[in-house]
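# Report on the structure
Listed below, chain by chain, are the residues.
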Amino acid sequence: RDFDVNVRIMSSAFQKLASEKRRAWALAQRAKAALLRRSDGKTKGIPTPPNPDPHPREIYFPNLQLRLVPPTEEARARGVEVATFITTPNVTKTEVKAFLTQVHGIEVLRVDTANYEGKKKRNLERGTWFRKPDYKKVYVTLGERWFPPERFCVPNK
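Residues numbered from 1 in each chain as written. Predicted model: local features only at pLDDT ≥ 70, side-chain atom pairs only at ≥ 80, totals over all residues. Heavy atoms only, no water.

### Considerations on the pairing of strand 4 (residues 120–123)
The pairing of strand 4 with strand 5 (residues 128–131) spans 4 bridges and is classified as antiparallel. Looking at the pairing, Lys121 lines up with Phe130 of strand 5. What sits between the antiparallel neighbours strand 4 and strand 5 is a turn of 4 residues, in which Gly127 has the positive phi angle 80°. (Pairing = 2+ DSSP bridges. Helix = DSSP H or I, 4+ residues; strand = E, 2+ residues; numbered from the N terminus.)

### Regarding the packing of aromatic side chains
For the structure shown, the criterion picks out 1 aromatic pair. Between Tyr116 and Tyr135, the ring centres sit 5.2 Å apart and the planes meet at 15°, which makes this aromatic pair stacked. In this pair, Tyr116 sits in strand 3 (residues 108–116) while Tyr135 sits in strand 6 (residues 135–146), placing the two residues 19 residues apart along the sequence. What makes Tyr116 partly exposed here is its relative accessible area of 32%. (Phe/Tyr/Trp six-rings, centres within 6.5 Å; stacked < 30°, edge-to-face > 60°. Buried < 20%, exposed > 50% of the residue type's maximum accessible area, 1.4 Å probe, protein only.)

### Concerning the nonpolar core
Of all hydrophobic cores here, the largest spans 11 residues; its members are Ala83, Phe85, Val91, Val96, Phe99, Leu100, Val108, Val111, Val138, Val140 and Leu142. At the level of elements, strand 2 (80–87), helix 3 (93–103), strand 3 and strand 6 are the ones that each hand at least two residues to this core. When neighbours within four sequence positions are excluded, Val96 is seen to be in contact with Leu66, Val91, Val138 and Val140. (Core = buried A, V, L, I, M, F, W, Y, C linked by side-chain atoms within 4.5 Å. Contact = heavy atoms within 4.5 Å.)

### Brief notes about the pattern of salt bridges
Inspection of every chain in the model, using the stated rule, returns 4 salt bridges. Ionic pairing is found between Arg145 and Glu81, a salt bridge with its closest N-O pair at 3.0 Å. One end of the pair, Arg145, is in strand 6; the other, Glu81, is in strand 2, with 64 residues separating them in the sequence. Exposure remark for Glu81: the relative accessible area of 42% places this residue in the partly exposed category. With a closest N to O distance of 2.6 Å, Arg131 and Asp134 form a salt bridge. (Salt bridge = Lys/Arg side-chain N within 4 Å of Asp/Glu carboxyl O.)

### Section: the side chain of Thr87
Here Thr87 shows up in strand 2. Accessibility expressed as a relative area gives 4% for Thr87, which makes it buried. Polar side-chain contacts of Thr87 include one of 2.9 Å to the backbone oxygen of Gln65. (Polar contact = N/O pair within 3.5 Å; in protein donor to acceptor, adjacent residues only side chain to side chain.)

What follows is the structure, encoded as structure tokens:
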């Protein structure tokens, strides 16, 4: 019986504390709303400072995985007109063109794509089959010839 009375007293003390916390929170919310309320009764948001720069800088965070396929030494010597990239199959032509022109400042005349299925391989230890991931090749026709650096190219065999 004593235990039952103690539990009731403790639970009522916790209820009282919780109700005081709720009351304090509600008062704080009312005070915050009163600060934001204008004289005409409508509420306003927190004012933002004016932007001093009339042309703010745009920062791009592209979610593209473009991997440039290195050209051969012969192609490097005469210059590359069409750059080849490998990417995931869900990337579109317009995304690639916008990415190259806006982020890297490259003049793009045309974008062509080709989808490829990943190769089917066999795990000889387990005897199971698995697939490499699918990919897309993107062929970008550049506005001017590009001469890649020497170390970037694939040597001829």
